[in-house]
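Breakdown of the fold
Each chain is listed here by its residues.
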Amino acid sequence: MRILIVEDNPDILANLYGFLEPKGYTLDSARNGYGGLALASENTYDVIVLDVMLPGLNGLELCQKLRSELMSTTPVLMLTARDALHDKVAGFDSGADDYLVKPFSLVELDVRLKALARRAGGQHAISRELRFGPLVFDPDQQEAARDGVRVALTKTGYVLLRCLMAAAPRIVPREALEQAVWGEDRPESDALRTHIHALRQAIDKPFAFPMVHTIAGVGYKLALPDARG
């Protein structure tokens, strides 16, 4: 099975890798909601293990985006320290399929992952194309267009555009964009600013109005002329 783990606690993440990888699972991971959304939009998984309390985009919001925007039917197993009934209801209402309260048994987690994948039967319908205003992005083909005009981007540009479009019109923190591009091995220089500049040159400069906006001290977002703020 291929599993996506979205968890910001490094100790829990290390325990999951240490237990699941020897069992033959293929694992991808993200440390925040935006990184998880980017991976989920680009790849196909058998199950997604999703922590509720995540920086930026929390687990409930991420699960809702998986269901409503990506149209993903991939089973989602929520991990949370909250065990109140209303917290569980909120998780299921967001689109989760199962729920484990921390601390949990790794053996039980393994059993639940197998059960979720078995019930899903390996069939996960997902519409990968992302749209925001005049922008369209197909991550499968690595093709982007604005107003019907194709724009060519670098590999990093496509990663940044996917993250921004998946979250639009919300702000994506610069740390989340850096993790999506470089993982934990982030460059010391301000390389992100250079790549954002290149992205603007491609999707903003030739057109009537800018869509990529800098939120000073926070990050970046996509916005339309009547929705800037």
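Each chain has its residues counted from 1, following the order in which its sequence is written. Owing to the predicted nature of the model, reporting of local features is limited to residues with pLDDT of at least 70; listing and counting of side-chain atom pairs is limited to 80 or more, with chain, interface and lining totals taken over all residues. Water and hydrogen atoms were dropped before computing side-chain values, which therefore reflect all heavy atoms in the structure.

- Looking at an unreviewed UniProt entry, the protein chain carries the name Response regulator transcription factor, with the source organism given as Massilia arenae.

1. Some thoughts on the sheet that holds strand β10 (residues 172–173)
- By the convention used here, strands pair only if DSSP detects at least 2 bridges between them. Here a helix means four or more residues in a row that DSSP labels H or I, a strand means two or more in a row labelled E, and each is numbered from the N terminus. As summarised here, the arrangement of the three strands in space is β10-β12-β11, forming an open sheet in which the pairing is antiparallel. The open sheet has two edge strands with one neighbour each: β10 and β11 (212–215).
- With two bridges connecting them, β10 and strand β12 (residues 219–222) associate as antiparallel partners. The residue of β12 that forms the bridge with Pro173 is Gly219.
- Should any heavy atoms of two residues lie within 4.5 Å, those residues are counted as being in contact. Only the contacting stretch of a helix is used when fitting its axis, a line to C-alpha atoms as for every element, and angles between N-to-C directions run 0 to 180 degrees. Of the strands in this sheet, β10 and β12 are in contact with helix α6 (residues 155–167), which crosses β12 at around 70°.

2. So, the pattern of salt bridges
- Take a side-chain nitrogen of Lys or Arg and a carboxyl oxygen of Asp or Glu: if they are within 4 Å of each other, that pair is a salt bridge. By the definition in use, this model includes 14 salt bridges.
- With its nearest N and O atoms 3.5 Å apart, the salt bridge here joins Arg170 to Glu61. Here Arg170 is found in the loop between α6 and β10, whereas its partner Glu61 is found in helix α3 (residues 59–68), with 109 residues between them in sequence.
- For every residue, the accessible area obtained with a 1.4 Å probe (protein chains only) is divided by the maximum for its type, and the residue is called buried under 20%, exposed over 50%, and partly exposed between those limits. Arg170 gets classed as partly exposed once you look at its relative accessible area, which sits at 33%.
- The residue Asp98 makes a salt bridge to Arg112 at a minimum N-O spacing of 2.9 Å. In this pair, Asp98 sits in strand β5 (residues 98–101) while Arg112 sits in helix α5 (residues 106–120), placing the two residues 14 residues apart along the sequence.

3. Overview of the packing of aromatic side chains
- Pairing of aromatic rings covers Phe, Tyr and the six-membered ring of Trp, with a centre-to-centre limit of 6.5 Å; geometry is then stacked below 30 degrees between planes, edge-to-face above 60, and tilted otherwise. Scanning the model with the defined rule gives one aromatic pair in all.
- Ring centres of Phe137 and Tyr158 lie 5.8 Å apart, and the angle between their planes is 10°; this geometry places the pair in the stacked category. Placement of the pair is Phe137 in strand β7 (residues 135–138) and Tyr158 in helix α6, with a sequence separation of 21 residues. Side by side, Phe137 and Tyr158 carry an identical accessibility label, which is buried.
- The criterion for a charge sitting over a ring is simple: Lys NZ or Arg CZ within 6 Å of the ring centre, and within 35 degrees of the ring normal. Of note, Arg146 hangs over the ring of Phe209, and the distance from its end group to the ring centre comes to 4.6 Å.

4. Looking at the side chain of Gln179
- Within the secondary structure, Gln179 sits in helix α7 (residues 174–182).
- Counting of polar contacts relies on pairs of N or O atoms within 3.5 Å, with two restrictions inside protein: one atom must be capable of donating a hydrogen and the other of accepting it, and residues adjacent in sequence are counted only when both atoms are side-chain atoms. Polar contacts involving the side chain of Gln179 include one to the side chain of Asn32, which spans 2.6 Å.
- In contact with Gln179, other than residues within four places in its own chain, are Arg31, Asn32, Glu184 and Arg186.

5. Some remarks on the packing of helix α2 (residues 33–42) against α3
- Where α2 meets α3, the axes come as close as 10 Å, and the angle between the chain directions of the two elements is 20°. With respect to α3, the element α2 is oriented roughly parallel. As for the relative orientation of α2 and α3, their crossing is right-handed in sense. Of the residues in α3, those in contact with Gly33, Leu37 and Ala40 of α2 are Leu62, Lys65 and Leu66.
- In terms of residue class, the contact of α2 with α3 is built from four nonpolar, one polar and one charged. Orientation categories follow fixed angle ranges, with anything under 35 degrees roughly parallel, anything over 145 roughly antiparallel, 65 to 115 roughly perpendicular, and all other angles oblique. Crossing handedness follows the turn of the near helix against the far one: under a right angle anticlockwise gives a left-handed crossing, and clockwise gives a right-handed one. In this classification, Asp, Glu, Lys and Arg are treated as charged, Ala, Val, Leu, Ile, Met, Phe, Trp, Tyr, Cys and Pro as nonpolar, and every other residue, Gly included, as polar.

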